[in-house]
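Residues per chain, in single letters:
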Amino acid sequence: MGMFSESHIDRLTSPSDLASLIELHGAILSLSDFDTNQLTYGLPDIAFVFVETVVWLSQSVRSGSWTYFESTPEARVNALLRLLEVVAPKELVEQYRFGATHWVEPGQLAVLDRWIANSERDFDAWLCDFIRGNKREFRILIA
């Protein structure tokens, strides 16, 4: 059996739990194929969406969304935005797009930062649903 069985993934994502999301995030970051020099870290799309969304939200909570958008290559931001448009709730996509568009005006991002701070539980729930909906792909990746 690999690092994470399907039942272990189920336990980690039911109910939504930030600590469990961080455990899964760490497992993906520790993959030998994970490469920060590649646009999507050399990960399949679903794993990239999960990893980069967690990075965006975590960094935004800790030090403001401006720091995420300032430090993330524009091509990576655009790659995540394209994928979020397909898989994420509309409001999350709109907020990410707002940050990507307005990051050069840090004062504009105070609204985004408040939205993120007030939506943490919703993010955790969506990320857990996203993982459960792609459980087979995540299992293959981290097995």
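This one's a predicted model, so the numbers in the text were calculated from it and none came from an experiment.

Asker: What is the right way to look at the overall build of the protein chain in this model?
Answerer: Helices and strands together make up the secondary structure of the protein chain, namely nine helices and zero strands. Mapped in sequence order, the helices and strands of the protein chain form the string α-α-α-α-α-α-α-α-α. Residue pairs in contact within the protein chain that sit at least 24 positions apart in sequence constitute 63% of those at least 6 positions apart. Per element, the accessible surface of the protein chain, about 7,400 Å² overall, is 51% carbon and sulfur.

Asker: Help me out: how do you make sense of the pattern of salt bridges in this one?
Answerer: In a structure, side chains of opposite charge can pair up when their charged atoms sit close to one another. Inspection of the entire model under this criterion finds three salt bridges. Here R97 and E85 are joined by a salt bridge, their closest N and O atoms 2.4 Å apart. Of this pair, R97 sits in helix α6 (residues 90-102) while E85 is found in helix α5 (residues 74-87), placing the two residues 12 residues apart along the sequence. In this structure E85 comes out as partly exposed when scored by relative accessible area, which is 42%. Between D129 and R132 there is a salt bridge, and its shortest N-O distance comes to 2.2 Å.

Asker: Sorry if this is basic, but what is going on with the packing of aromatic side chains here?
Answerer: What characterises a pair of aromatic rings is the spacing of the ring centres plus the angle enclosed by the ring planes. Evaluated as defined, the whole model comprises 10 aromatic pairs. Ring centres 4.9 Å apart and planes at 90 degrees place the aromatic pair W56 and Y96 in the edge-to-face group. In this pair, W56 is assigned in helix α3 (residues 45-63) and Y96 in helix α6, connecting sequence segments 40 residues apart. As far as burial versus exposure is concerned, W56 and Y96 are alike and both buried. Three or more aromatic residues joined by ring pairs form one cluster here, namely F50, W126, F130 and F138.

Asker: I would appreciate a short explanation of the environment of A88 in the present structure.
Answerer: Within the secondary structure, A88 is located in the loop between α5 and α6. Under the relative-accessibility criterion, A88 is labelled buried at 14%. Through-space distance from the C-alpha of A88 to that of V49 is 9.3 Å; in sequence the pair is 39 residues apart. Once residues lying within four places of it in the same chain are set aside, the contact partners of A88 are V93 and W126.

Asker: Just to check I follow, could you spell out the confidence of the model for the protein chain for this structure?
Answerer: In regions of low pLDDT, the predicted coordinates are not meant to be interpreted in detail. With 89% of its residues at a pLDDT of at least 70, the protein chain reaches an overall mean of 89. Confidence scores differ between elements of the protein chain, with helix α1 (residues 6-13) showing the lowest mean pLDDT of 65 and α5 the highest of 98.

The rules we used
- Residues numbered from 1 in each chain as written.
- Predicted model: local features only at pLDDT ≥ 70, side-chain atom pairs only at ≥ 80, totals over all residues.
- Heavy atoms only, no water.
- Helix = DSSP H or I, 4+ residues; strand = E, 2+ residues; numbered from the N terminus.
- Contact = heavy atoms within 4.5 Å.
- Areas by Shrake-Rupley, 256 points an atom, 1.4 Å probe, with all protein chains shown as cover.
- Salt bridge = Lys/Arg side-chain N within 4 Å of Asp/Glu carboxyl O.
- Buried < 20%, exposed > 50% of the residue type's maximum accessible area, 1.4 Å probe, protein only.
- Phe/Tyr/Trp six-rings, centres within 6.5 Å; stacked < 30°, edge-to-face > 60°.
- pLDDT = per-residue confidence, 0-100.

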